[in-house]
Amino acid sequence: LILVPICFVLVILLTLSIIKFSPNLMDVHYQMLNSYVTFAAVRCLIGFCIGFLVFYFSSEGFGLKVPTLMEFSVIFICVLLYFKVSYERQNEILAPILSGVLVYVFSHGKGIISRKLLNNVVCDWLGRLSFSIYMVHPILISVFKYLKVDFNVFNTILYFMSCMLIAYVLHVFVEKPSMKYKA
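Here the structure is a predicted model, which is why all the values come from computation and not from measurement.

## Describing the overall build of the chain
Stage number 1. In terms of regular secondary structure, the chain is built from 7 helices and 0 strands.
Stage number 2. Its helices and strands taken in sequence order, the chain reads α-α-α-α-α-α-α from the N to the C terminus.
Stage number 3. Once the C-alpha set of the chain is aligned to its principal axes, its extents read approximately 50 × 45 × 45 Å.
Stage number 4. Here the chain holds 183 residues, and 29% of them are scored as buried.
Stage number 5. A separation of at least 24 residues holds for 63% of the contacts in the chain among residues at least 6 apart in sequence.
Stage number 6. Total accessible area on the chain is roughly 12,800 Å²; 73% of this is exposed by carbon and sulfur atoms.
Stage number 7. Once the 14 positive and 8 negative side-chain charges of the chain are each reduced to a mean point, those two points are 5 Å apart.

Encoded structure:
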């Protein structure tokens, strides 16, 4: 399939373009790569290509040889790079790639974490809210920054709880009712 190498090349080249030319690495929404293309569009294309690659390799039977080890490894890398209260965004360029690996590893559901720990009511609920969380979290971060909220442990917990509450309300009153309407 010709799209596989094209997507690999695009992910590499577009990631390098963000590293080289972006004023704020991945925190780009309106900054322009050139006269016609925003860095946000570049980010979207990176995410799309990674999503396609995850789908392709999952559907083509590229199974995991050691699923439990892969699950623990991906979690360890994510914790090592991102779970810091004073995170300064130095590793954010890896986030789309790590997200793709995370989805690929856990979508198989063959490791001990995905079979035993993630197969429960709480994770199912978070999965149902995931789109609303995705949509709400940058807005909430902007609100916290505008209010000059210091991201200490208490405020980080407050942020997560607020994000869950707002995402739940959006899911129940906007997302679910809109699913009834089909084009």
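## With respect to the packing of aromatic side chains
Stage number 1. Counting across every chain of the model gives 6 aromatic pairs.
Stage number 2. Where Phe-52 meets Tyr-56, the ring centres are 6.3 Å apart and the plane angle is 25°; that geometry is what we call stacked. Residue Phe-52 and its partner Tyr-56 are located together in helix H2 (residues 39-59), separated by 4 residues, close to a single helical turn.
Stage number 3. When its relative accessible area of 19% is taken as the criterion, Phe-52 is described as buried.
Stage number 4. When the ring of Trp-125 is compared with that of Tyr-168, the centres are 6.3 Å apart and the planes differ by 40°; the resulting orientation is tilted. Here Trp-125 is found in helix H6 (residues 121-146), whereas its partner Tyr-168 is found in helix H7 (residues 153-178), with 43 residues between them in sequence.
Stage number 5. With a relative accessible area of 36%, Trp-125 lands in the partly exposed category.
Stage number 6. We classify Tyr-168 as partly exposed; its relative accessible area is 39%.
Stage number 7. Among the aromatic residues, those joined into a ring-pair cluster are Phe-8, Phe-52, Tyr-56 and Phe-57.

## Details of the nonpolar core
Stage number 1. Counting 24 residues, the largest nonpolar core has Ile-18, Ile-46 and Phe-52 as the members making the most contacts within it.
Stage number 2. Those elements that place two or more of their residues in this core are helix H1 (3-21), H2, helix H3 (67-82) and helix H4 (95-107).
Stage number 3. The element that contributes the greatest number of residues to this core is H2, accounting for 9 residues.
Stage number 4. Excluding residues within four positions of it along the chain, Phe-52 makes contact with Leu-1, Leu-3, Val-4 and Cys-7.
Stage number 5. Counting residues in hydrophobic clusters, the runner-up holds 9 residues, among them Leu-140, Phe-144, Tyr-159 and Ala-167.

## Quick word on the packing of H6 against H7
Stage number 1. The N-to-C vectors of H6 and H7 enclose an angle of 120°; their axes lie 7 Å apart at closest approach. Between H6 and H7, the crossing angle belongs to the class labelled oblique. H7 is crossed by H6, and the crossing has right-handed handedness. Seen from H6, the contacting residues are Trp-125, Leu-126, Arg-128, Leu-129, Phe-131, Ser-132, Ile-133, Val-136, His-137, Leu-140, Ile-141 and Phe-144; seen from H7, they are Asn-155, Leu-158, Tyr-159, Ser-162, Cys-163, Met-164, Ile-166, Ala-167, Tyr-168, Leu-170, His-171 and Glu-175.

## Section: the packing of H2 against H4
Stage number 1. At a minimum axis separation of 9 Å, H2 and H4 run at an interaxial angle of 25°. Overall, the two elements H2 and H4 adopt an arrangement that is roughly parallel. With respect to the hand of their crossing, H2 and H4 are arranged in right-handed fashion. Every residue of H4 that contacts H2 at Ile-46, Ile-50, Val-54, Phe-57 and Ser-58 is listed here: Pro-96, Ile-97, Gly-100, Val-103, Tyr-104 and Ser-107.

## A short note on the pattern of salt bridges
Stage number 1. In the structure shown here, the tally under the stated rule is 1 salt bridge.
Stage number 2. Residue Arg-128 is joined to Asp-124 by a salt bridge in which the shortest nitrogen-to-oxygen separation is 3.0 Å. Taken as a pair, Arg-128 and Asp-124 lie in helix H6 at a separation of 4 residues, close to a single helical turn.
Stage number 3. With a relative accessible area of 40%, Asp-124 lands in the partly exposed category.

## Quick look at the state of the cysteines
Stage number 1. In total, this model carries 0 disulfides according to the counting rule given.
Stage number 2. With no disulfide of its own, Cys-78 lies closest to Cys-123 among cysteine sulfurs, the gap being 15 Å.
Stage number 3. Overall, Cys-78 belongs to the buried group, its relative accessible area being 15%.
Stage number 4. As a non-bridged cysteine, Cys-163 has Cys-123 as the owner of its nearest cysteine sulfur, 16 Å distant.

Parameters and conventions
- Residues numbered from 1 in each chain as written.
- Predicted model: local features only at pLDDT ≥ 70, side-chain atom pairs only at ≥ 80, totals over all residues.
- Heavy atoms only, no water.
- Helix = DSSP H or I, 4+ residues; strand = E, 2+ residues; numbered from the N terminus.
- Buried < 20%, exposed > 50% of the residue type's maximum accessible area, 1.4 Å probe, protein only.
- Contact = heavy atoms within 4.5 Å.
- Areas by Shrake-Rupley, 256 points an atom, 1.4 Å probe, with all protein chains shown as cover.
- Lys, Arg positive; Asp, Glu negative; His and termini not counted.
- Charge placed at Lys NZ, Arg CZ, Asp CG, Glu CD.
- Phe/Tyr/Trp six-rings, centres within 6.5 Å; stacked < 30°, edge-to-face > 60°.
- Core = buried A, V, L, I, M, F, W, Y, C linked by side-chain atoms within 4.5 Å.
- Axes fitted to C-alpha atoms, helices over the stretch in contact; angles between N-to-C directions.
- Parallel < 35°, antiparallel > 145°, perpendicular 65-115°, else oblique.
- Left-handed = near helix turned anticlockwise from the far one by under 90°.
- Salt bridge = Lys/Arg side-chain N within 4 Å of Asp/Glu carboxyl O.
- Disulfide = S-S within 2.5 Å.

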